[in-house]
Amino acid sequence: MKPINIISSTFVPMVLENIDTDQIIPARFLKATTRLGFGANLFRDWRYDVNGQPKPDFILNNPAYSGEILVAGKNFGCGSSREHAAWSLLDYGFNVVVSSFFADIFKNNALNNGVIPVKVSDEYLQKIFEQANGSRLTVNLQEQTISIDATGDVESFEINSYKKTCLINGYDDIDYLLSIKEEIAQFEKQHDY
């Protein structure tokens, strides 16, 4: 994974609630054995018609919106537990998803795969949506804050401290263990089993 600390980007506003993992990445696209290529089918059934042509009214097909941050309505990532949902978001180019509620399994899958799920209040989410005109958001992982650059509104968010350390350093679980191998060796020396 690549290290993440501060992400400042325009955002894609998806003003929909209860976005489930079956819509994020439909089951028929789960046949691949690597994480690559899933972005092409992110929100496939919402993005494309039955002939594979982009639907002009879907937000990801609107050239006015782009960026590394997806802002979605309440209850993002509900439904099945597929890790592919996080893979597809990352492969598409999203490093952050902002919502006022995340399904627990999706949240953990996102954190494990280098996507930051930023949970904000309903009121703050509405403030973000009101700025969906090319404004930028800044997510500071170290400080655990998100700010709307145009207005200066800032809100704090919670994140598991272990996952925060991993994201800031670009570690997966194995990388983290390797980073503390000297501490592990010292502990083993002190505790003869």
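These notes cover the structure that comes with them. (Residues numbered from 1 in each chain as written. Predicted model: local features only at pLDDT ≥ 70, side-chain atom pairs only at ≥ 80, totals over all residues. Heavy atoms only, no water.)

The subject of this paragraph is the overall build of the protein chain. Along the backbone of the protein chain there are 8 helices and 7 strands. Compactness check: the protein chain gives a C-alpha radius of gyration of 18 Å against a globular reference of 16 Å for 193 residues, within 12% of the reference. Dimensions of the protein chain along its principal axes, counting C-alpha atoms only, are 65 × 45 × 25 Å. Across the 193 residues that make up the protein chain, the buried fraction comes to 43%. Look at the contacts in the protein chain between residues 6 or more apart in sequence, and 62% of them connect residues 24 or more apart. In the structure as shown, the protein chain presents an accessible area of about 10,200 Å², 49% of it carried by carbon and sulfur atoms. (Helix = DSSP H or I, 4+ residues; strand = E, 2+ residues; numbered from the N terminus. Rg over C-alpha atoms; globule rule 2.2 N^0.38 Å. Buried < 20%, exposed > 50% of the residue type's maximum accessible area, 1.4 Å probe, protein only. Contact = heavy atoms within 4.5 Å. Areas by Shrake-Rupley, 256 points an atom, 1.4 Å probe, with all protein chains shown as cover.)

This brings us to the layout of surface pockets. Estimated volume of the largest pocket: approximately 230 Å³. Around the largest pocket, the lining residues are F101, F102, D104, K107, N108, L111, P117, K119, F157, E158, I159 and N160. Listing elements by their share of the lining of the largest pocket, those giving two or more residues are α4 (104–112) and β4 (116–119). Broken down by element, the lining of the largest pocket gets its largest block of residues, 4 residues, from α4. Residue composition of the lining of the largest pocket, by class: 6 nonpolar, 2 polar and 4 charged. (1 Å grid on protein atoms, 1.4 Å probe; cavity = no way out; pocket = protein on both sides within 12 Å on 5 of 7 lines; lining within 4 Å. Points joined across faces, edges and corners; volume = space filled by probe spheres on them. Nonpolar A, V, L, I, M, F, W, Y, C, P; charged D, E, K, R; others polar.)

With that out of the way, let us pick up the nonpolar core. Residues I24, F43, L60, L70, F76, L89 and F106 are the most contacted members of the largest nonpolar core, which totals 25 residues. Of all the secondary-structure elements, those providing two or more residues to this core are β1 (6–14), β2 (69–72), α3 (84–92) and α4. When residues of this core are assigned to their parent elements, the largest contribution, 3 residues, is made by α3. Sequence-distant contacts of F43, that is, excluding residues within four places in its chain, are made with M14, I19, Q23, I24, F58, L60, L70 and F76. Among the nonpolar cores identified, the runner-up in size contains 24 residues, and F11, V96, V98 and L111 belong to it. (Core = buried A, V, L, I, M, F, W, Y, C linked by side-chain atoms within 4.5 Å.)

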